[in-house]
Amino acid sequence: MSANKTPYQYYTIALIAALFIIRVAALVVSPLGLHGDEAQYWAWSQQVDFGYFSKPPMVAWVIASTTSLFGHAEWAVRLGSPLIHSATAYILFLTARKLHSAQAGFWAAAIYILMPAVWLSSAIISTDVSLLFFWVLAIHAWAHLRDQPTWSRTLQLGLAIGLGFMSKYAMMFFGPALVLAVLFDAPTRKALLHGRGMIALFLVALIIMPNVLWNLNHDFATVSHTAENTNLTSDLFNPNEMLTFWLDQFGVFGPVTFVMFLLAVMSGFKNKPRSMVFWLSILCVTPLIAISIQAFLSRANANWAVTAYGGAAVVLAIWAVQREVRLRSLKWGVIGQSAISLTFGIILLSPTLTDQLGLANSIKRLRAWPDTVQVISDYYYGGYDGQDYSAIAVDNRLLFYDAEYYGLRDTAPLYMWTLQAKTRNHAELTYPLPIQDGPILFINHYQNYERFLREDFARLERLPNIEIDLGGGKIRSLRAWAAYGYTPTTDPNRSPRNLK
């Protein structure tokens, strides 16, 4: 094993470094603007805090770090993604090497860094990036603690779980497997019961306390938003949603690697409970089962169970290297999936090719934001009926944050109009439209909101629509109004049938 360790470590570092360079270069030359969610995270990073309306603060901290060094271009906002994914892959190498061999370590890193979801995630900035890093760091600490309990690994476990929670509350899926291991796995129980376990738990509590206090001071906004995302008040029992969620997992982890992962997990369950592979299998299936139930009862996004695939890379790699036929299937599966992902990425770097292949719809929300902001600014500077506008207001969160990132706040005060008395997002929390006479330039994204606007404004004058060519036959169409006499309605129940 020692003879093979060093070459595989070199191979791992070379693979990670090459992909990092390719992905950063792609970010720099990419013609794609920020998605509204990315722009929202960037806006948060301009006011660093311990919490935000819909997410814990880690994503804002990451963006604040990269933009403070490299400026605020799109690539700098997104730079944390390929950087953190690279670190995650290397920790997976160390973990699989610890549990089996350097060869398994290389394949664990390769499976992860070449996962279709990681190809996509490396091109954007999201909360999943740091969540997966701390999830994998916690696995690494656990693997060491089972073998040799030390205070340094205890602190690593506490830090990883705590900072994972500060990335995304999905870190809670780590808990059930760890609790079961404490109950039924002697090495884990020996490592975490009594002093070390209490210290790790105390460290987790200490790290997340600022976010708890932020939520306490903001009516538990993040917790409430996370709970509302489950949407369990709508029609229950949706087998089609669960089926869709499972089909989506082939795209997240890769069609070949996902099938092999399921086989590896079944094999992992045949291991005696004293095996770390057994507990990693438990850790992998926990979020998949939980989100499957969520999907069946309501709905679920494809990435909600993404934490399954941190441990999955290790489980699959260890399983695959034990048989040549498995390893050969894994190798060609990863190569094939990566070729498809790379081809798709190259296509998206060319607007002409993207449009010619009919892919414009998939990236329309990332296009032409500077043009959109310029047209809105022209409307604002033109005034209405001989009067200057006092402000600009919008009715869509993603529109608000893209407009802010691309400079609309430099033109005029920018506010978020609220549909309901209850705050529904961070823009409404921080920049609610104040009561005023106007005229306000109102940019209307939702086509079914006119009757609600007329309830809130004493006078509305329709302006020509804003039509922005997004390429590939796609148009961004926004209604524009000169709005007077704003007094918000306090009805908490008004809601259109379809919130796009």
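Look above for the structure.
Since the model is a prediction, treat every value here as computed from it, not as a measurement.

Details of a nonpolar patch on the surface
A cluster of nonpolar residues, Met-209, Val-212, Leu-213, Leu-216, Phe-220 and Val-223, forms a patch on the protein surface that exposes about 490 Å² of accessible area. The dominant element in the nonpolar patch, judged by the number of residues it contributes, is helix α12 (residues 195-217), at four residues.

Side note on helix α9 (residues 151-165)
An α-helix turns once every 3.6 residues. As a result, residues three or four positions apart point the same way. With 15 residues, α9 should reach 21 Å at 1.5 Å per residue; the first-to-last C-alpha distance of 21 Å fits that figure. Among the residues of α9, those classed as buried are Thr-154, Gln-156, Leu-157, Gly-158, Ala-160, Ile-161, Gly-162 and Gly-164. The inward-facing, buried residues of α9 contact α8 (127-147), α10 (174-184), α11 (186-192) and α12.

Overview of the sheet that holds strand β3 (residues 440-444)
One key point about sheets: their strands pair by backbone hydrogen bonds, in either a parallel or an antiparallel sense. Pairing is mixed across the open sheet formed by five strands, whose spatial order is β2-β1-β3-β5-β4. Across the chains shown, the open sheet's two edge strands, defined by having one partner strand only, are β2 (414-416) and β4 (457-471). Between one strand axis and the next, the sheet turns through 25 degrees on average, direction left out of account. Strand contacts of helix α22 (residues 397-405): β1 (391-394), β2, β3 and β5 (474-486), with the helix running at about 165 degrees to β2, the strand carrying the most contacts.

Quick notes on the side chain of Ser-81
Mapped onto the elements, Ser-81 comes out in helix α5 (residues 80-99). Residue Ser-81 is classed as buried on the basis of its relative accessible area of 0%. When neighbours within four sequence positions are excluded, Ser-81 is seen to be in contact with Ser-121, Ser-122, Ile-124, Ile-125, Ser-126 and Val-129.

Describing the packing of aromatic side chains
One pass over the full model with this rule turns up 34 aromatic pairs. Measuring from centroid to centroid gives 5.3 Å for Tyr-41 and Trp-44, while their planes differ by 55 degrees, and the two rings are tilted. Taken together, the residues Tyr-41 and Trp-44, both in helix α2 (residues 36-45) and three residues apart, mark about one turn of the helix. Look at Phe-250 and Phe-258: their rings are 4.8 Å apart centre to centre, the planes differ by 70 degrees, and that puts the pair in the edge-to-face class. Accessibility expressed as a relative area gives 29% for Phe-250, which makes it partly exposed. Here Phe-258 falls in the buried class, since its relative accessible area comes to 0%. The structure contains a cluster of three or more aromatic residues connected by ring pairs, namely Phe-245, Trp-246, Phe-250, Phe-253, Phe-258, Phe-261 and Tyr-309. Looking at Arg-23, its charged tip hangs above the ring of Trp-119, at a distance of 4.2 Å from the centre.

Topic: the pairing of β5
Pairing of β3 with β5 involves five bridges; the strand directions are antiparallel. Paired with Ile-440 across the strands is Ala-483, a residue of β5. Hairpin connection between β4 and β5: a loop of two residues separates the two successive antiparallel strands, and Gly-472 in this loop has a positive phi of roughly 65 degrees.

Re unusual backbone geometry
Leaving glycine out, the prevailing phi sign among residues is negative, and the prevailing peptide bond configuration is trans. With an omega dihedral of 5 degrees, the bond running from Gly-438 to Pro-439 counts as a cis peptide bond. Considering the arrangement of structural elements, one finds Pro-439 in the loop between α24 (426-430) and β3. Residues other than glycine seldom take positive phi values, yet Ala-368 does so here, at roughly 60 degrees. Secondary-structure assignment places Ala-368 in the loop between α20 (360-363) and α21 (369-382). Residue class for Ala-368 comes out buried when judged on its relative accessible area of 17%. Even without being a glycine, Asp-385 presents a positive backbone phi close to 55 degrees. Looking at where Asp-385 falls in the secondary structure, it is placed in the loop between α21 and β1. Among the residues examined, Asp-385 registers a relative accessible area of 60% and is labelled exposed.

Details of the nonpolar core
Within the largest apolar cluster, 137 residues are counted, with the highest numbers of intra-cluster contacts made by Phe-174, Tyr-309 and Ile-443. No other element matches α8, which puts 14 residues into this core. Excluding its chain neighbours within four sequence positions, the residues that come into contact with Phe-174 are Trp-135, Ala-138, Ile-139, Trp-142, Ile-161 and Leu-283. By size, the runner-up hydrophobic cluster in this structure holds 15 residues, among which are Leu-433, Ile-440, Tyr-446 and Phe-457.

Rules and cut-offs
Residues numbered from 1 in each chain as written. Predicted model: local features only at pLDDT ≥ 70, side-chain atom pairs only at ≥ 80, totals over all residues. Heavy atoms only, no water. Patch = residues over 30% accessible without salt bridge, like charges linked within 9 Å, V, L, I, M, F, W, Y side chains within 5 Å. Areas by Shrake-Rupley, 256 points an atom, 1.4 Å probe, with all protein chains shown as cover. Salt bridge = Lys/Arg side-chain N within 4 Å of Asp/Glu carboxyl O. Helix = DSSP H or I, 4+ residues; strand = E, 2+ residues; numbered from the N terminus. Expected span 1.5 Å × (residues − 1). Buried < 20%, exposed > 50% of the residue type's maximum accessible area, 1.4 Å probe, protein only. Contact = heavy atoms within 4.5 Å. Pairing = 2+ DSSP bridges. Axes fitted to C-alpha atoms, helices over the stretch in contact; angles between N-to-C directions. Phe/Tyr/Trp six-rings, centres within 6.5 Å; stacked < 30°, edge-to-face > 60°. Lys NZ or Arg CZ within 6 Å of the ring centre and 35° of its normal. Core = buried A, V, L, I, M, F, W, Y, C linked by side-chain atoms within 4.5 Å.

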